[in-house]
Amino acid sequence: MHIKDKLAQNEAAGRTGISFEFFPPKTAQGVQNLYDRMDRMHALGPSFIDITWGAGGRLSDLTCEMVNVAQSVYGLETCMHLTCTDMGIEKVDAALQAAYKTGCTNILALRGDPPREQEHWEAVDGGFRYAKDLVKYIRDKYGNHFDIGVGGYPEGADDNSDVDQLIDHLKEKVDAGSSFVVTQMFYDTDNFISWVKKCREKGIHVPIIPGIMPIQTYAAFLRRANWTKIHIPPSWLEALEPVKNDDAAVREIGKTLIADMCRKLMASGINHLHFYTMNLAQSTQQVLGELNLLPSEETPLQRPLPWRPSLGLNRRGEDVRPIFWRNRNSSYVARTQTWDEFPNGRWTDSRSPAFGELDSYGIGLKGTNEQNIKLWGEPKSIRDLSHLFTRYLDGKLDRLPWCDTPITSEASEIGGELLELNKRGLLTINSQPAVNGARSSHSVYGWGPKNGFVYQKAYLELLVPPYLLDELIARIEKNEDLTYHAVSKSGELRTNTRDTPNALTWGIFAGREIVQPTVVETVSFLAWKDEAYRLGEDWAKCHDAASPSRKLIQGVVDTWYLVNIVNNDFHNTYNLFELFKDLDVKDLDVEVATEQKAQPTVAVNEVSPEVPTKN
């Protein structure tokens with residue numbers, strides 16, 4: 001959606017919008033850490049984010065990649081910075097085409113800063129000299145596909161201190177096709193309000209978004225203010241100077257100063273705040289908390305679907321996904337990026353080649369070996385693995401090899417049963433409780449338009465040792481409401497399902513057909529199987545080849561089955577956890593998982609011959 005339309009929606013609803021700016025980090029690990037932070041900050045409810053181009057365009061490829069990930073994986077409406085610096089028309093065209101392909105529909109067009117090796121800004125041959133020329137070029141070439149923003153300078157730019165002349169230039173940029181303005185950071189609120197009034201008097205009537213720089217440390221606060229040559233109110237310096245060596249105290253006082261500034265802006269008619277995060281979350285979140293702009297349990301963000309929808313160009317209409325990737329959203333998006341089936345809104349031919357080869361999509365385990373050993377320790381027995389999984393369920397670990405995100409509040413209803421199961425050595429990696437007609441506004445289970453009702457079947461996915469498999473399957477088959485898949489690393493499949501999607505979650509809303517956002521089906525489960533076992537192997541390889549931890553984890557990967565179970569009676573008249581009563585893993589304290597003789601593969605209801613057992 002265009003930023004101007006989001007701003008109009010917020011204004012019509014009487015709501016103050018927020019947005020965040022990020023910049024491309026210098027290291028690969030920094031990029032991954034920022035992705036994690038962006039994902040967490042999504043929960044703060046930004047209308048959009050923007051990603052900077054970098055001085056001289058040196059990080060332009062990374063900017064394009066980050067825009068793609070933010071749009072496609074995290075479902076964040078993203079505005080891409082694009083500067084004239086070191087950018088000939090060919091580079092501009094390549095950047096715009098990359099943005100177009102990701103589904104990005106918002107550009108912030110800037111002249112940019114000169115490269116560090118140049119004292120003054122100069123246009124490259126065949127490039128653009130002014131931001132207004134870049135705006136006009138984008139508008140002429142792409143029409144209304146891109147919403148185009150430009151920069152505003154309430155206290156002058158580094159190479160031009162004439163504010164009135166800069167307002168004239170801003171009017172030229174707006175007249176060239178810009179539809180919103182994002183300003184340079186400032187701390188003098190009265191001056192900003194006066195500047196906005198001057199802009200309006202000059203005929204600039206597009207939305208003006210103030211750039212807000214939270215205060216992290218005293219030194220950084222002064223450095224950025226001096227660099228941008230902006231005025232700091234004396235009262236701010238008086239408040240911060242006495243505690244300048246105490247970063248926590250600086251953030252606490254700075255939070256109040258910035259929040260008071262924002263309140264004054266909102267009282268003057270500003271209804272959107274753009275935060276320069278400097279790739280950090282805490283200070284921005286503190287300010288939002290002070291302003292009461294954080295979503296609360298009473299007023300949660302309304303989710304359009306139970307999973308994070310993608311804003312990729314070809315998948316904005318996607319409303320169905322297999323449940324197996326619920327805890328690895330980015331992996332699923334990466335592996336299905338080339339699908340052409342999403343706009344039809346249905347899970348159709350899952351035999352698409354989109355699942356592809358694992359190595360082509362970078363879906364492996366996150367983090368370095370040292371980081372993962374520090375996080376998960378060096379397990380030497382099944383009991384150690386059991387303890388690791390229970391720590392995750394208790395909220396003491398942020399992730400597991402199969403779960404990129406912390407445990408969700410949805411698990412609380414079955415949390416005790418999950419803990420008990422894992423304490424007994426049966427390792428769960430995905431689950432959901434049954435829901436029978438919860439309001440779509442429900443703080444935990446709700447999604448979709450208001451005044452609707454949502455439903456879901458109980459689901460459990462776990463790793464099971466081979467000597468328990470026959471007994472578990474026998475118990476499942478005694479209940480006609482239960483369906484299951486069980487697969488080994490080698491692809492030996494046992495199931496009582498037919499090769500059709502089984503809806504696990506659905507919603508009923510006024511004036512709409514039934515929406516079914518998550519399903520279980522055989523071929524996608526087999527694709528997930530490859531990924532799940534690969535993640536286990538990656539975890540094992542974090543440890544030395546001869547170590548007990550390596551042998552333990554690899555032993556589980558090589559011999560245990562990946563099993564999913566669905567209770568198709570969403571009234572939840574049968575508790576799935578009853579299946580495991582008196583069903584325990586032997587030798588929890590065994591130091592190394594020894595290879596067990598594989599169980600014979602007998603398909604209870606044979607899968608269609610055209611369904612492969614391996615992807």
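Residues numbered from 1 in each chain as written. Predicted model: local features only at pLDDT ≥ 70, side-chain atom pairs only at ≥ 80, totals over all residues. Heavy atoms only, no water.

## Re the pairing of strand β2 (residues 48-51)
Okay, so step 1: The two faces of β2 match: F48 and D50 on one face and I49 and I51 on the other face are all buried.
Okay, so step 2: Here strand β1 (residues 17-22) pairs with β2 via four bridges, running parallel. The residue bridging F22 from the neighbouring strand is I51, located in β2.
Okay, so step 3: Handedness of the crossover joining β1 and β2 through helix α2 (residues 28-42): right-handed.
Okay, so step 4: Strand direction decides the pairing type here: β2 and strand β3 (residues 78-83), joined by three bridges, are parallel. Counterpart to I49 in the pairing with β3 is T78. (Buried < 20%, exposed > 50% of the residue type's maximum accessible area, 1.4 Å probe, protein only. Helix = DSSP H or I, 4+ residues; strand = E, 2+ residues; numbered from the N terminus. Pairing = 2+ DSSP bridges. Right-handed = clockwise from strand over helix to strand, strands pointing away.)

## Things to note about the pattern of salt bridges
Okay, so step 1: Per the counting criterion, the structure on display carries 28 salt bridges.
Okay, so step 2: Note that E290 is salt-bridged to K255, the shortest N-O span being 3.7 Å. Of the two residues, E290 is situated in helix α11 (residues 282-290) and K255 in helix α10 (residues 247-267); the sequence distance between them amounts to 35 residues.
Okay, so step 3: What makes E290 partly exposed here is its relative accessible area of 28%.
Okay, so step 4: The shortest N-O distance in the salt bridge between E531 and R335 comes to 2.7 Å. Note that E531 is positioned in helix α17 (residues 522-540) and R335 in helix α12 (residues 329-335), a separation of 196 residues in sequence.
Okay, so step 5: Through salt bridges with shared partners, one network takes in R328, R335, D404 and E531. (Salt bridge = Lys/Arg side-chain N within 4 Å of Asp/Glu carboxyl O.)

## Quick word on helix α6 (residues 163-175)
An α-helical turn contains 3.6 residues, so any two residues separated by three or four positions project in the same direction.
Okay, so step 1: For α6, built from 13 residues, the straight-helix expectation of 18 Å at 1.5 Å per residue is met to within 8% by its first-to-last C-alpha distance of 18 Å.
Okay, so step 2: Among all positions in α6, only V163, L166, I167, L170, K173 and V174 are buried. Taken end-on, α6 shows its buried residues confined to a sector of 110°, consistent with a single buried face.
Okay, so step 3: Its buried side turned inward, α6 meets α5 (131-142), β5 (147-152), β6 (180-185) and α7 (189-201).
Okay, so step 4: A distance of 3.2 Å separates the backbone nitrogen of D164 from a side-chain oxygen at the start of α6, and that oxygen is part of D162.
Okay, so step 5: Once α6 ends, the next one or two residues include G177, with phi positive near 135°. (Expected span 1.5 Å × (residues − 1). Arc of directions from axis to C-beta. Contact = heavy atoms within 4.5 Å. Polar contact = N/O pair within 3.5 Å; in protein donor to acceptor, adjacent residues only side chain to side chain.)

## Notes on the environment of C104
Okay, so step 1: Its location among the elements puts C104 in the loop between α4 (89-102) and β4 (106-110).
Okay, so step 2: The exposure class assigned to C104 is buried, which follows from its relative accessible area of 0%.
Okay, so step 3: Distance in space between the C-alpha atoms of C104 and G312 is 7.7 Å, their sequence separation being 208 residues.

## Some remarks on empty space enclosed by the protein
Okay, so step 1: Throughout the structure, instances matching the rule amount to four cavities of 30 Å³ or more.
Okay, so step 2: In this structure, the largest cavity spans a volume of roughly 110 Å³.
Okay, so step 3: Contributing to the lining of the largest cavity are 13 residues, with W402, L463, G536, V556 and V557 lying nearest its centre.
Okay, so step 4: Residue assignment for the lining of the largest cavity shows that the elements contributing at least two residues are α14 (382-393), α17 and α18 (548-559). (1 Å grid on protein atoms, 1.4 Å probe; cavity = no way out; pocket = protein on both sides within 12 Å on 5 of 7 lines; lining within 4 Å. Points joined across faces, edges and corners; volume = space filled by probe spheres on them.)

## Some points on the sheet that holds strand β14 (residues 482-487)
Okay, so step 1: Strand order across the open sheet formed by five strands is β10-β13-β18-β14-β15, with antiparallel pairing between neighbours. A strand with exactly one partner marks an edge of an open sheet, and here the two such strands are β10 (427-432) and β15 (493-495). Sheet twist, expressed as the mean angle between neighbouring strand axes with direction ignored, is 10°.
Okay, so step 2: Alignment of strand β13 (residues 458-464) against strand β18 (residues 561-567), held across seven bridges, turns out to be antiparallel. Note on β18: the bridge partner recorded for L460 is I565. (Axes fitted to C-alpha atoms, helices over the stretch in contact; angles between N-to-C directions.)

## Points about α10
Okay, so step 1: The end-to-end C-alpha distance of α10 is 30 Å, a good match for the 30 Å that 21 residues give at a rise of 1.5 Å each.
Okay, so step 2: What α10 keeps buried is the set A249, V250, G254, K255, L257, I258, A259, M261, C262 and L265.
Okay, so step 3: In this structure, the buried residues of α10 make contact with α7, β7 (208-212), α8 (218-228), α9 (234-240), β8 (272-276) and α11.
Okay, so step 4: Capping the start of α10, D246 holds a side-chain oxygen 3.2 Å from the backbone nitrogen of A248, two or three residues further along.
Okay, so step 5: Phi turns positive one or two residues past the end of α10, at G269, with a value near 110°.

## What to know about the environment of E318
Okay, so step 1: Positionally, E318 belongs in the loop between α11 and β9 (321-322).
Okay, so step 2: We classify E318 as buried; its relative accessible area is 3%.
Okay, so step 3: Residues E318 and P517, 199 residues apart in the sequence, show an inter-C-alpha distance of 8.8 Å.
Okay, so step 4: Side chain to side chain, E318 and R315 meet in a polar contact 3.1 Å long.

## Digging into the sheet that holds β8
Okay, so step 1: Taking strand neighbours around the barrel as the criterion, the eight strands line up as β1-β2-β3-β4-β5-β6-β7-β8 in a closed arrangement whose pairing is parallel. Averaged over all neighbouring strand pairs, the angle between strand axes comes to 30°, with direction disregarded.
Okay, so step 2: Strand contacts of α7: β5, β6 and β7, with the helix running at about 155° to β7, the strand carrying the most contacts.

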